[in-house]
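# A closer look at the structure
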Amino acid sequence: PDVEELDARVSVCRACPRLVRWREEVATGGKRASFADQPYWGRPGPGFGDPHPQVLVVGLAPAANGTNRTGRMFTGDRSGDWIYAALHRAGFAAEPHSVASGDGQRLSGARIVAAVRCAPPANRPTPLERDTCGAWLDRDVALAEPTLRSVLALGAIAWTATLQCARRLGWAVPRPAPRFGHGAETTLVSSNGKAIRLLGSYHVSQQNTFTGKLTEAMLDAVLSRL
Ligand code: DU
Ligand code: SF4
């Protein structure tokens, strides 16, 4: 299997009843007024970017009117404005913005995925939904492993999901479990004996960027270490 096949498979997943209901509800009757005339994706968000990445960026979950609308990771919401601008400044993204399919955005050396692939109500997946969707993260990480050098976890949930994924894949994870923080770093060793760095950044959610908990300089400082 390659990433194209993986993306096709994940985008038709219906494993979590609550999330299937929510993603489809938003995509039909529940559109944001300003997007009312647009078709919504209404499905799980597949990974986006370089099929042979050195860097895997792991987000939390699609936004109801962002990825759930556009079908592309971090695309069409304010979190996306932050991460794509930073990826562009760091040389990974062709464009500083990600608007929709056909906008010319491409990532080189990086691929973006999420711990949970369907938009959750109140942006909060349950522990069971996180565990269930971990199966897709496992496949993404396993496919990326041959070229992978670093994983950037955006937020504590992505950090924990990545550690759990590494353990399921039989990778060596330090004990006690490394703690998430902005700028946190640890080294995982893949089942092929390859050292892979895990870096943490505060998530690019508005909650962090509006309040100044996460600044562009803080994000750039972590990305420069990738
Ligand atoms: O059509 P394609 O070149 O296989 O690309 C599919 C999809 O992935 C497209 O929206 C661009 C993106 N992509 C990328 O961002 N970076 C790559 O190196 C290859 C594809
Ligand atoms: Fe499938 Fe993940 Fe969506 Fe659950 S959250 S339905 S596992 S893609």
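See above for the structure.
Cut-offs and rules
- Residues numbered from 1 in each chain as written.
- Chains lettered and ligands numbered in written order.
- Predicted model: local features only at pLDDT ≥ 70, side-chain atom pairs only at ≥ 80, totals over all residues.
- Heavy atoms only, no water.
- 1 Å grid on protein atoms, 1.4 Å probe; cavity = no way out; pocket = protein on both sides within 12 Å on 5 of 7 lines; lining within 4 Å.
- Points joined across faces, edges and corners; volume = space filled by probe spheres on them.
- Helix = DSSP H or I, 4+ residues; strand = E, 2+ residues; numbered from the N terminus.
- Nonpolar A, V, L, I, M, F, W, Y, C, P; charged D, E, K, R; others polar.
- Buried < 20%, exposed > 50% of the residue type's maximum accessible area, 1.4 Å probe, protein only.
- Contact = heavy atoms within 4.5 Å.
- Near = heavy atom within 4 Å.
- Polar contact = N/O pair within 3.5 Å; in protein donor to acceptor, adjacent residues only side chain to side chain.
- Areas by Shrake-Rupley, 256 points an atom, 1.4 Å probe, with all protein chains shown as cover.
- Phe/Tyr/Trp six-rings, centres within 6.5 Å; stacked < 30°, edge-to-face > 60°.
- Lys NZ or Arg CZ within 6 Å of the ring centre and 35° of its normal.
- Axes fitted to C-alpha atoms, helices over the stretch in contact; angles between N-to-C directions.
- Parallel < 35°, antiparallel > 145°, perpendicular 65-115°, else oblique.
- Left-handed = near helix turned anticlockwise from the far one by under 90°.

### Description of the layout of surface pockets
- Put simply, the largest pocket is a space of about 950 Å³.
- Contributing to the lining of the largest pocket are 36 residues, with Leu60, Ser79, Asn123, His203 and Ser205 lying nearest its centre.
- When contributions to the lining of the largest pocket are tallied by element, the ones reaching two or more residues are helix H4 (78-89), strand E3 (110-114), helix H6 (156-168) and helix H7 (206-209).
- A per-element tally of the lining of the largest pocket places H7 first, with 3 residues.
- A volume near 280 Å³ is recorded for the second largest pocket.
- Around the second largest pocket sit 15 residues that line it, and Asp7, Gly47, Phe48, Gly49 and Arg111 are the ones nearest its centre.
- Counting only elements with at least two residues in the lining of the second largest pocket, the list comes to helix H1 (3-10) and strand E1 (48-49).
- Considering each element in turn, the lining of the second largest pocket owes the most residues, 3 residues, to H1.
- Its residues placed into classes, the lining of the second largest pocket shows 4 nonpolar, 5 polar and 6 charged.

### Topic: the environment of Leu198
- Considering the arrangement of structural elements, one finds Leu198 in strand E6 (residues 195-201).
- For Leu198, a relative accessible area of 0% puts it in the buried group.
- Counting along the chain gives 11 residues from Leu198 to Thr187, while the straight-line C-alpha distance between them is 6.0 Å.
- When neighbours within four sequence positions are excluded, Leu198 is seen to be in contact with Val151, Ala153, Trp159, Thr162, Leu163, Ala184, Glu185, Thr186 and Leu188.

### Things to note about the site of ligand 1
- Around ligand 1, the surrounding shell consists of Phe48, Gly49, Asp50, Pro51, Arg106 and Leu107.
- Here a nitrogen atom of ligand 1 sits 3.5 Å away from a polar atom, N or O, in the main chain of Gly49.
- In the model, a nitrogen atom of ligand 1 is placed 2.7 Å from a nitrogen or oxygen of the Leu107 main chain.
- In the complex, 52% of the free accessible area of ligand 1, which totals 440 Å², lies under the protein chains.

### Remarks on the packing of aromatic side chains
- Per the stated rule, a full pass over the model turns up 2 aromatic pairs.
- Arranged with centres 5.9 Å apart and planes meeting at 65°, the rings of Trp159 and Phe180 form a pair that is edge-to-face. Taken together, the residues Trp159 in helix H6 and Phe180 in the loop between H6 and strand E5 (185-189) connect sequence positions 21 residues apart.
- A relative accessible area of 2% means that Trp159 is categorised as buried.
- The ring of Phe48 has Arg72 lying over it, and the distance from NZ or CZ to the ring centre is 4.5 Å.
- The positively charged end of Lys213 is found above the aromatic ring belonging to Tyr202, 4.4 Å away from the centroid.

### Thoughts on the packing of H4 against helix H8 (residues 216-223)
- It is at 10 Å that the axes of H4 and H8 come closest, and there the two elements cross at 50°. On the basis of their axis angle, the class for H4 and H8 is oblique. Handedness of the crossing formed by H4 with H8: right-handed. Contact residues: Trp82, Ala86, Leu87 and Arg89 in H4; Glu216, Leu219, Asp220 and Leu223 in H8.
- Among the residues forming the contact of H4 with H8, the class breakdown is 5 nonpolar, no polar and 3 charged.

### Notes on the site of ligand 2
- Surveying the vicinity of ligand 2 reveals the residues Cys13, Ala15, Cys16, Leu19, Pro44, Val116, Arg117, Cys118, Thr132, Cys133 and Trp136.
- Partitioned by chemical class, the residues of the shell around ligand 2 number 9 nonpolar, 1 polar and 1 charged.

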